[in-house]
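What follows is each chain in one-letter form.
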Amino acid sequence: MPQRRARIVAIMALVLSLTVAAGTLLQTSLVVGEAWGQSSVRPPANAVDNAGGSVRPPADAVTNAPMVPGAERPLEILPPTTPGGLPADPLSIQGPNSSATIWGKVRDGQTFTTSLPDPNSAFLVQDGGIGWLDWRTKGGPLQVYGGYGLLAMIGLLILFYLLRGKIRIDSGPSGQTIIRFKTIERFAHWMLAVSFIVLALSGLNLLYGKDYIMPLIGKEAFATVTMAGKWLHNNLAWAFMLSIVMVFLLWVRHNIPSTLDLKWMAKGGGLFVKGVHPPAKKFNAGQKLIFWSVVVLGGSISLSGISLLFPYEAPMFAKTFEVLNDTGIGPLVYGQPLPTTLTPIEEMMYAQLWHTIVAFAMIVIVIAHIYIGSVGMEGAFDAMGSGEVDRNWAEEHHGLWVAEEAERGRVPPKAAATPAE
């Protein structure tokens, strides 16, 4: 058994290393390709090259810049003005060449042309960034409600443990074990678990670290931890996505909902009353909820993560909003049609907000899963630890599955109970 566990750990470490290396290589190649593409931009053939000289405006340029260094620039009040001679629009108090006037026109929605080769650099004012910052700043909705969600789940689990205690094997351990999960299943599970925990911790650090961790450990230590966490977050994401696919392919056929799940849920899965064990196959209704939550939320967080890993290359929200508007969901939830014309930066902000919100939901669900699979239920950890579980545990929580395995000859006859002396 120790040798088997060592092999699983070694294989998982190898796959994680290869996945991280492949992800790093992919991102590096795309970044280098983009840099090469930008470096290949050449000026038009008729461009005037003044390299080596100072940049001067044309001789006939109109400017209100002071002619004498240090002299105050005269203000030009543009019409229309009030009866008292003051500008009606404070943004136009300077002249046509002033920064205040230009930025005012940009904020008013006036469009301009640009000769920059990168269209993303043409967005001069991004007002939406203020709302995005309000969401993720200290005391903002992400920090506050996300923190409430985490604390609420932890508090409920503590209360449940105090009231119910550890869920024991009612008939006691039998001493006979049966195979619950194969090596490949446990490998996929643990790769998913390890990558998700690292992603969750590093992500929470990005949201809360500057406000709550940096004051405790100092700026230099926080910078080191955050940079390491960012690198792990970006690269372990590939292992997370790979394990999501593996888990789905391995277990989807066992997680199709059925009427049996309704009976299981009606009895609370037997979690609240001792001695109650509703029948279940390989996965009960609670485990199916965990499975589909991880697959759906994990898939969604992967898509938004890809959008963030490759900025401006994988927009997803404008098209999503179009679908929601067409189905009527957008106006119903939002109160009005969702915006379908988004700038590249707005796409990135939506992706970051959605990534964080879905991450919080997934963390809350996984915390409950970790509790049941560890301290909450006797014998549950063995299923993913050694892959073998006590027969009495299996019959109490997954009796129908044990019966099916016995019919297929995968479970040996139950050992006779040793008579008491």
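Structure's up top.
The structure reproduced in this document is the subject of the present report.

About the criteria used
- Residues numbered from 1 in each chain as written.
- Predicted model: local features only at pLDDT ≥ 70, side-chain atom pairs only at ≥ 80, totals over all residues.
- Heavy atoms only, no water.
- Helix = DSSP H or I, 4+ residues; strand = E, 2+ residues; numbered from the N terminus.
- Buried < 20%, exposed > 50% of the residue type's maximum accessible area, 1.4 Å probe, protein only.
- Contact = heavy atoms within 4.5 Å.
- Areas by Shrake-Rupley, 256 points an atom, 1.4 Å probe, with all protein chains shown as cover.
- 1 Å grid on protein atoms, 1.4 Å probe; cavity = no way out; pocket = protein on both sides within 12 Å on 5 of 7 lines; lining within 4 Å.
- Points joined across faces, edges and corners; volume = space filled by probe spheres on them.
- Nonpolar A, V, L, I, M, F, W, Y, C, P; charged D, E, K, R; others polar.
- Axes fitted to C-alpha atoms, helices over the stretch in contact; angles between N-to-C directions.
- Parallel < 35°, antiparallel > 145°, perpendicular 65-115°, else oblique.
- Left-handed = near helix turned anticlockwise from the far one by under 90°.
- Expected span 1.5 Å × (residues − 1).
- Core = buried A, V, L, I, M, F, W, Y, C linked by side-chain atoms within 4.5 Å.
- Patch = residues over 30% accessible without salt bridge, like charges linked within 9 Å, V, L, I, M, F, W, Y side chains within 5 Å.
- Salt bridge = Lys/Arg side-chain N within 4 Å of Asp/Glu carboxyl O.
- Polar contact = N/O pair within 3.5 Å; in protein donor to acceptor, adjacent residues only side chain to side chain.
- Phe/Tyr/Trp six-rings, centres within 6.5 Å; stacked < 30°, edge-to-face > 60°.
- Lys NZ or Arg CZ within 6 Å of the ring centre and 35° of its normal.
- Bend = angle between axes of the 7 residues up to and from the residue.

Of regular secondary structure, the chain possesses 14 helices and two strands. Buried residues in the chain amount to 34% of all 421 residues. In the chain, of all internal contacts separated by at least 6 residues, the share reaching a separation of at least 24 is 72%. For the chain, the exposed area adds up to about 26,100 Å²; of that, 67% sits on carbon and sulfur atoms.

Moving on, we get to the layout of surface pockets. Each pocket or cavity is described by its volume, and for the second largest pocket that value is around 1,000 Å³. Listed by contribution, the elements that provide at least two residues to the lining of the second largest pocket are α3 (128–136), α5 (183–217), α6 (219–251), α8 (285–309) and α11 (344–376). The leading source of residues in the lining of the second largest pocket is α5, at eleven residues. Residue classes in the lining of the second largest pocket are distributed as 19 nonpolar, 13 polar and five charged.

Time to look at the packing of α5 against α6. What describes two packed helices is the angle between their axes and the distance between those same axes. Two elements in contact, α5 and α6, have axes separated by 7 Å at closest approach and are oriented at 155 degrees. Judged by the inter-axis angle, α5 sits roughly antiparallel to α6. Here α5 and α6 pass one another in a crossing that is left-handed. For the contact of α5 with α6, the residue count by class is 25 nonpolar, ten polar and three charged.

Now for helix α4 (residues 141–164). Here α4 contains 24 residues, and its C-alpha end-to-end distance of 33 Å stays within 8% of the 34 Å for a straight helix at 1.5 Å per residue. Taken together, the buried positions of α4 are Leu142, Gln143, Gly146, Gly147, Leu150, Met153, Leu157 and Phe160. Directly after α4, the chain includes Gly165, whose backbone phi takes a positive value near 75 degrees.

Core analysis: the biggest nonpolar cluster contains 55 residues, and Ile178, Phe196, Phe240, Trp251, Trp393 and Ala394 have the highest contact counts within it. Once residues within four sequence positions are removed from consideration, Ala394 is found in contact with Ile178, Val389, Gly399, Trp401 and Val402.

Among the surface-exposed residues, Ile154, Ile158, Leu159, Tyr161, Leu162 and Leu163 lie close enough to one another that they form a single nonpolar patch of about 650 Å² accessible area. Here Leu163 shows up in helix α4. Owing to a relative accessible area of 72%, Leu163 belongs among the exposed residues under this scheme.

The next point concerns the side chain of Ser243. The topology assignment puts Ser243 in helix α6. Taking the relative accessible area as the measure of exposure, Ser243 reaches 0% and is therefore buried. Look past the residues within four positions of Ser243 in its chain and what remains in contact with it is Ala188, Met191, Leu192 and Ser195.

Inspection of the secondary structure puts Asn205 in helix α5. Sequence-wise, Asn205 and Gly229 are 24 residues apart; in three dimensions their C-alpha atoms are separated by 8.1 Å. Ignoring any residue separated from it by four or fewer positions in sequence, one finds Asn205 in contact with Lys210, Ile213, Phe222 and Thr226. There is a polar contact of 3.1 Å between the side chain of Asn205 and the side chain of Thr226.

What follows covers the pattern of salt bridges. Under the counting rule described, the total for this entry stands at six salt bridges. Measuring nitrogen to oxygen at the nearest pair gives 3.1 Å for the salt bridge that ties Glu185 to Lys282. Here Glu185, found in helix α5, pairs with Lys282, found in the loop between α7 (259–266) and α8; they are 97 residues apart in sequence, far enough to count as distant. On the basis of relative accessible area, Glu185 is assigned to the buried category, the value being 6%. Among the salt bridges present, the one from Arg391 reaches Glu395, with a minimum N-O distance of 3.1 Å. Of this pair, Arg391 and Glu395 both sit in helix α13 (residues 391–397), four residues apart, which is roughly one turn of that helix. With relative accessibility at 30%, the residue Glu395 sits in the partly exposed group. Through salt bridges with shared partners, a single ionic network connects Glu405, Arg408 and Arg410.

Turning our attention to the packing of aromatic side chains. Applying the stated criterion to the full structure yields 17 aromatic pairs. Grouped by ring-pair contacts, the aromatic residues Phe160, Phe272 and Tyr371 constitute a single cluster. When the ring centre of Phe283 is taken as origin, the NZ or CZ atom of Arg180, which lies over that ring, is 5.8 Å away. Over the ring of Trp401 we find Arg180, and its NZ or CZ is 4.9 Å from the ring centre.

The next point concerns α6. If you check α6, its first and last C-alpha atoms are 45 Å apart, about what 33 residues at 1.5 Å a residue would give, namely 48 Å. Of all bends in α6, the biggest is about 35 degrees, found at Leu236.

Such coordinate-based values are descriptive only and should not be taken to indicate function.
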